[in-house]
Amino acid sequence: MADLVRFGVSMEGELLRAFDELIRKKGYTSRSEALQDLVREALHAQAWEEGEEVLGVIVLLYDHRKRELLARLTEAQHHAHPHVLASLHIHLDEENCLEVIAVRGPAGEVRRLADRLRAEKGVKLGRLCPAGTHGPF
Ligand code: NI
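Residues numbered from 1 in each chain as written. Predicted model: local features only at pLDDT ≥ 70, side-chain atom pairs only at ≥ 80, totals over all residues. Heavy atoms only, no water.

## A short note on the pattern of salt bridges
Two side chains that carry opposite charge are able to pair once their charged atoms sit near each other. Considering all chains together, one arrives at 9 salt bridges under this definition. Between Arg31 and Asp20 there is a salt bridge; the shortest N-O distance is 2.8 Å. Of this pair, Arg31 sits in helix H2 (residues 31-49) while Asp20 sits in helix H1 (residues 13-26); the two residues are 11 residues apart in sequence, bridging distant segments of the chain. Look at Arg31 and you get partly exposed, because its relative accessible area is 43%. Using a relative accessible area of 29% as the deciding quantity, one classes Asp20 as partly exposed. When the shortest N-O distance is used, the salt bridge between Arg40 and Asp37 registers 2.6 Å. With Arg40 and Asp37 both in helix H2, this residue pair falls 3 residues apart, about one helical turn. (Salt bridge = Lys/Arg side-chain N within 4 Å of Asp/Glu carboxyl O. Helix = DSSP H or I, 4+ residues; strand = E, 2+ residues; numbered from the N terminus. Buried < 20%, exposed > 50% of the residue type's maximum accessible area, 1.4 Å probe, protein only.)

Shown next as structure tokens:
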């Protein structure tokens, strides 16, 4: 584990009660654990906003019977600037495929790839899930 540094935190009583309630609901065992996760969340959100190197997952649901769709989706992934780390293809039923694509790259490029895939005809659902940054946190 990385070095732990203790520091004092002052907080309004009402805010602290709400924080403790949140900690209880989320199942954290300590305020320190919860606080560290909140700080990580904020750092990751900032990295996405500032276009830094990020990690993400693109989830697509599409009809594989649409003409040329599979080829176009594959083409887009091969030519995308963000590095496509891996993809998982699931044949859901007769018509639907679920594809999960792990990507890494500058936030703007990752968003552009997700937008391009989502915009293909036959894609019924396309979602970009930020998975964090490439940072050391
Ligand atoms: Ni399939």
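## Digging into the sheet that holds strand E4 (residues 123-133)
The strand order across the open sheet formed by 4 strands is E2-E3-E1-E4, and the pairing between neighbours is antiparallel. The sheet is open, and its two borders are formed by strand E2 (83-91) and E4, each paired with just one other strand. If you compare each strand with its neighbour and ignore which way they point, the axes differ by 15° on average. Seen against the sheet, helix H4 (residues 107-119) touches strand E1 (53-63), E2, strand E3 (96-106) and E4 and runs at an angle of roughly 160° to E3. (Pairing = 2+ DSSP bridges. Axes fitted to C-alpha atoms, helices over the stretch in contact; angles between N-to-C directions. Contact = heavy atoms within 4.5 Å.)

## Let's talk about the coordination of the nickel ion
Every protein donor of the nickel ion is listed here as His89 (NE2), His91 (ND1) and Cys97 (SG), and their distances to the metal cover 2.1 to 2.3 Å. In this structure His91 comes out as exposed when scored by relative accessible area, which is 65%. (Donors = N, O, S within 2.8 Å, 3.2 Å for Na, K, Ca; no water.)

## Focus on the environment of Lys121
Tracing the sequence through the fold places Lys121 in the loop between H4 and E4. Lys121 sits in the exposed class, given a relative accessible area of 67%. Along the sequence, Lys121 and Arg72 sit 49 residues apart, while their C-alpha atoms lie 9.8 Å from each other. With residues up to four places along the chain from it excluded, the contact list for Lys121 reads Lys66, Leu69 and Arg72.

## Thoughts on the pairing of E1
In terms of strand pairing, E1 meets E3 through 11 bridges, oriented antiparallel. Across the sheet, residue Tyr62 finds its bridge partner in E3, namely Cys97. Relative to E4, E1 runs antiparallel, the two sharing 9 bridges. The residue bridging Leu61 from the neighbouring strand is Leu125, located in E4.

## Regarding the packing of helix H3 (residues 69-79) against H4
Where H3 meets H4, the axes come as close as 10 Å, and the angle between the chain directions of the two elements is 170°. Classed by the angle they form, the pair H3 and H4 counts as roughly antiparallel. Contacts between H3 and H4 involve Leu73, Ala76 and Gln77 from the former and Leu113, Arg116 and Leu117 from the latter. For the contact of H3 with H4, the per-class residue count stands at 4 nonpolar, 1 polar and 1 charged. (Parallel < 35°, antiparallel > 145°, perpendicular 65-115°, else oblique. Nonpolar A, V, L, I, M, F, W, Y, C, P; charged D, E, K, R; others polar.)

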